[in-house]
Amino acid sequence: MARPGRIKPPMGHDNAWWWEQAAKGVLAIQRCTKCQALRHPPRPMCGECRSMDWDVLAASGKGTVASYTVLYHPQFPGFEYPLIIVLVDLEEGTRITAELKDCAPEAVDFGMAVTVYIHEDDDGFRIPMFRPASQGGN
Amino acid sequence: MPISMKNEAAIAGIGATKFSRNSGVSELALACEAVSNCLDDAGLAPGEVDGLVTYTLESNDEVEVARAVGLGDLTMYAKINYGGGAAVGLIQQAAMAVATGAAKNVVVWRAMNGRSGQRMGQGVSGNIISSDLIHWSWYMAYGMLTPASWVAMIANTYMHRFGVAAEHLAEVAIAQRNFALNNPAAAGYGKPLTLQEYMGSKRITERLRIYDCCQETDGGVALLITSTERARDLRHKPAVIRGVTQASTRGQEQMTSFYREELDRLPEMELAARRVYAMSGLGPEDIDAACLYDAFTPEVIMQLESFGFCKRGEAKDFVAAGNLRLGGRLPNNTHGGLLSESYIHGINNIAEGARLIRGTSCNQPDKVEHVLVSSGVGVPTGAVIFGKD
């Protein structure tokens, strides 16, 4: 019997494209084509200049940990506990919330260097995750 | 010249149901009981109520409650958004209505089977692809599903930067549990909490133990807001609204404002502070007691700085000195709060604010001229200052 999977995001106009990029192996950052401001999480309009035209910047995947927490309870099906959630400052300038893998909870620290990789669940769903930089990335 | 809300309106009635883990009745029944008790407390007939305000999270529509309780014509009704962030928003809405004449007697309420029904601590779900659902999905996909998980992220940043330890959180929890020991309505009544018990308790996230998290409650609370003049003719001393505001700042997300430069402060609380102090003409030194929103203990600590009760980074010392206890500089949540009385999304804390002004708190400090009450932390929120007539 397959393990229950993670709770999948709904795929709407404003976010499905980002998950499609992830499925292709890209950590995408939304970029305003009018003023070049980067934004995350994605949204339909640029908060700096109000343009609704945007394109995609493929991030390098390198970043540092701006903050983190470790979740113990309650434990939802599809996730492994302790579950480390990080806010990563990407080197391009935006910040992303994701899981940190291959790291002991005691070893996570503010400012730690991390790199992205695309994790694939048993059911084929692809989602960007991070690892400590010392372990190499994708 | 815009109409000022200052001193125009007051809380003139407080009503509540029993607080429990299984009410055995519907949320509509809870709402009716709370509203009915509120009107009896004020000495106002149902037909005199012409305004209703509740939370968007409330399952009961305004007219369902109106029909069930037997209200008449309504000229103002509204639902305010953002979960517990709405609490003071209800008061602002009512005060605006009274100050402008949009309505004369406004009842605000929240009624929920928060323990036996939809439990806040068990995650977010939905079917329609709204922008809100997409907002949550950035966190849900990674298993960040509960309010504790979202709060822990901000709390960890603040606690790491300023050296806040578990003992400081414990002091918040224990001080409020001590208040609950004098409150027969409270979940914590008869259940003292020791530091040892706190330290040994179940870890929910990094930084948060079970005693750092608020109750899950079945129950309802309703308040009557009317003009200060009309309130004088009703049964109790008015708790006059000196200043009130809603507050949200740039870059706000519901609970997950993770993309700002500074993660270790509460800019919306700072905005609420500036507004209520300016409107009331008061400062932190004028506040004698507070009900700082306490869904999680670190939120209380951070708000002490937001509202100017201590300098940046010094809230932990303020707390460690026992200032949140009776006899301290700022008794906080003298009913036990969301942590130890009940979790009715913050409206039960507003009720305590009004009782403190009436002089009827179960832990009444010697001198109370002004009380500050805040709404939900991490969401668009608000604050109100009550004073004596």
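Numbering of residues begins from 1 in every chain and follows the order in which that chain's sequence is written. As a convention, the first chain written is A and the first ligand written is 1, with the rest following in written order. Reporting in this predicted model follows two pLDDT cut-offs: at least 70 for local features of residues, and 80 or more for side-chain atom pairs to be given and counted; totals over whole chains, interfaces and linings ignore these cut-offs and use all residues. Processing note: side-chain calculations cover all non-hydrogen atoms of the structure and skip hydrogens and water entirely.

## Points about the overall build of chain B
Just so we agree on the cut-off: What counts as a helix is a DSSP run of H or I of at least four residues, what counts as a strand is a run of E of at least two, and both are numbered from the N terminus. Restricting the calculation to C-alpha atoms gives the radius of gyration, and the globule rule supplies 2.2 Å times the number of residues raised to the power 0.38. When accessible area is computed with a 1.4 Å probe and restricted to protein chains, residues below 20% of their type maximum are described as buried, those above 50% as exposed, and intermediate ones as partly exposed. Neither His nor the chain ends contribute to the count of charged residues, in which Lys and Arg are positive and Asp and Glu negative. To locate a charge, the coordinates of NZ of Lys, CZ of Arg, CG of Asp or CD of Glu are taken.
The number of helices and strands found in chain B is 13 helices and eleven strands. Compactness check: chain B gives a C-alpha radius of gyration of 19 Å against a globular reference of 21 Å for 389 residues, within 12% of the reference. C-alpha extents for chain B along the principal axes are approximately 55 × 50 × 45 Å. Residues counted as buried form 65% of the 389 residues belonging to chain B. One finds the centroid of the 35 positive side-chain charges in chain B at a distance of 3 Å from the centroid of its 41 negative side-chain charges.

## Re the sheet that holds strand 7 (residues 218–227) of chain B
Hydrogen bonding along the main chain pairs the strands of a sheet, whether they run parallel or antiparallel. All names here are of chain B. Applicable threshold: Any two strands with at least two DSSP-identified bridges between them are counted as paired. Structural elements are reduced to axes, namely lines fitted to C-alpha atoms, with helices fitted over the stretch in contact, and the angle between N-to-C directions of any two is expressed from 0 to 180 degrees. Every residue pair with non-hydrogen atoms within 4.5 Å of one another is taken to be in contact.
Strand order in the open sheet made by the nine strands is 3-2-4-7-1-8-11-10-9, with mixed pairing throughout. With one partner strand each, in any of the chains shown, strand 3 (76–80) and strand 9 (289–291) form the two edges of the open sheet. Pairwise comparison of adjacent strand axes, ignoring direction, gives a mean angle of 25° for this sheet. Sheet topology note: the strand 2 (residues 51–55)/strand 4 (residues 105–113) ladder contains three bridges and is parallel. Bridging from a neighbouring strand, leucine 52 pairs with valine 107 of strand 4. Across the face of the sheet, helix 2 (residues 62–69) comes into contact with strand 2, strand 3 and strand 4 while running at roughly 130° to strand 3.

## Observations concerning the domain arrangement of chain A
All names here are of chain A. The criterion, for reference: For the purposes of this description, domain bounds are those given by an automatic or database domain assignment. Two parts placed together each lose some accessible area; with a 1.4 Å probe, that loss summed over both constitutes the buried area. Any carboxyl oxygen of Asp or Glu within 4 Å of a side-chain nitrogen of Lys or Arg constitutes a salt bridge here. Pairing of N or O atoms within 3.5 Å defines a polar contact, subject to two protein rules: one partner must be a possible hydrogen donor and the other a possible acceptor, and residues neighboring in sequence count only if both atoms are side-chain atoms. Each residue gets one of three labels, nonpolar for Ala, Val, Leu, Ile, Met, Phe, Trp, Tyr, Cys and Pro, charged for Asp, Glu, Lys and Arg, and polar for the others, Gly among them.
With domains assigned, chain A is organised as domain 1 (11–58) and domain 2 (60–138). The C-alpha-based centres of domain 1 and domain 2 are spaced at 21 Å. Overall, the association of domain 1 and domain 2 removes approximately 1000 Å² of surface from exposure, summing both partners, and the carbon and sulfur fraction of that is 78%. By the criterion of area lost to domain 2, the three top residues of domain 1 are Trp19, Leu27 and His40, representing 44% of everything that side buries. The interface formed by domain 1 and domain 2 holds zero salt bridges in total. Our enumeration of links across domain 1 and domain 2 arrives at one residue pair in polar contact (both at pLDDT 80 or more). At the level of secondary structure, the elements contributing two or more residues to the side of domain 1 that touches domain 2 comprise helix 1 (16–23), strand 2 (38–39) and strand 3 (54–58). No other element matches the four residues that helix 1 contributes to the side of domain 1 that touches domain 2. A breakdown of the residues in the side of domain 1 that touches domain 2 according to their chemical character gives ten nonpolar, two polar and one charged.

## Notes on the layout of surface pockets
Short version of the rule: The way it works is a 1 Å grid over only the protein atoms, where trapped points that fit a 1.4 Å probe form a cavity and open points with protein on both sides within 12 Å along at least five of seven lines form a pocket, and then any residue with an atom within 4 Å of a point lines it. Grid points are joined across faces, edges and corners, and a volume is the space filled by probe spheres set on the points.
Reported here for the second largest pocket is a volume of approximately 1200 Å³. Every residue lining the second largest pocket is counted, 36 residues in all, and those nearest its centre are His40(A), Arg43(A), Gly251(B), Glu253(B) and Tyr259(B). For the lining of the second largest pocket, the secondary-structure elements that each account for two or more residues are strand 2 of chain A together with helix 4 (131–140) of chain B. Of the residues forming the lining of the second largest pocket, the biggest block, five residues, is contributed by helix 4 of chain B.

## Some remarks on the interface of chain A and chain B
The interface is formed by 40 residues belonging to chain A together with 34 residues belonging to chain B. Interface of chain A and chain B: buried area, both sides summed, is about 3200 Å²; carbon and sulfur atoms make up 67% of it. Of all residues in chain A, His73(A), Arg95(A) and Thr97(A) give up the largest surface area on contact with chain B, accounting jointly for 18% of the area buried on that side. Summed over the shared surface of chain A and chain B, the result is one salt bridge. Note that Arg250(B) and Glu48(A) form a salt bridge whose closest N and O atoms lie 3.2 Å from each other. Looking at the side of chain A that touches chain B, the elements that each hand over two or more residues are helix 1, strand 4 (62–71), strand 5 (83–90), strand 6 (95–99) and strand 8 (126–132) of chain A. A total of six residues in the side of chain A that touches chain B trace back to one element, the largest contributor, which is strand 4 of chain A.

## With respect to the pattern of salt bridges
Residue and element names in this part refer to chain B. All told, the structure shown has 24 salt bridges over all chains when counted by the stated rule. Measuring nitrogen to oxygen at the nearest pair gives 3.0 Å for the salt bridge that ties arginine 358 to aspartate 41. Taken together, the positions of arginine 358 in helix 13 (residues 347–358) and aspartate 41 in helix 1 (residues 27–42) put the pair 317 residues apart, joining distant regions of the chain. There is no split in this pair, since arginine 358 and aspartate 41 are both buried. Among the charged side chains, a salt-bridge network with shared partners connects Arg161, Asp264, Glu305 and Arg312.

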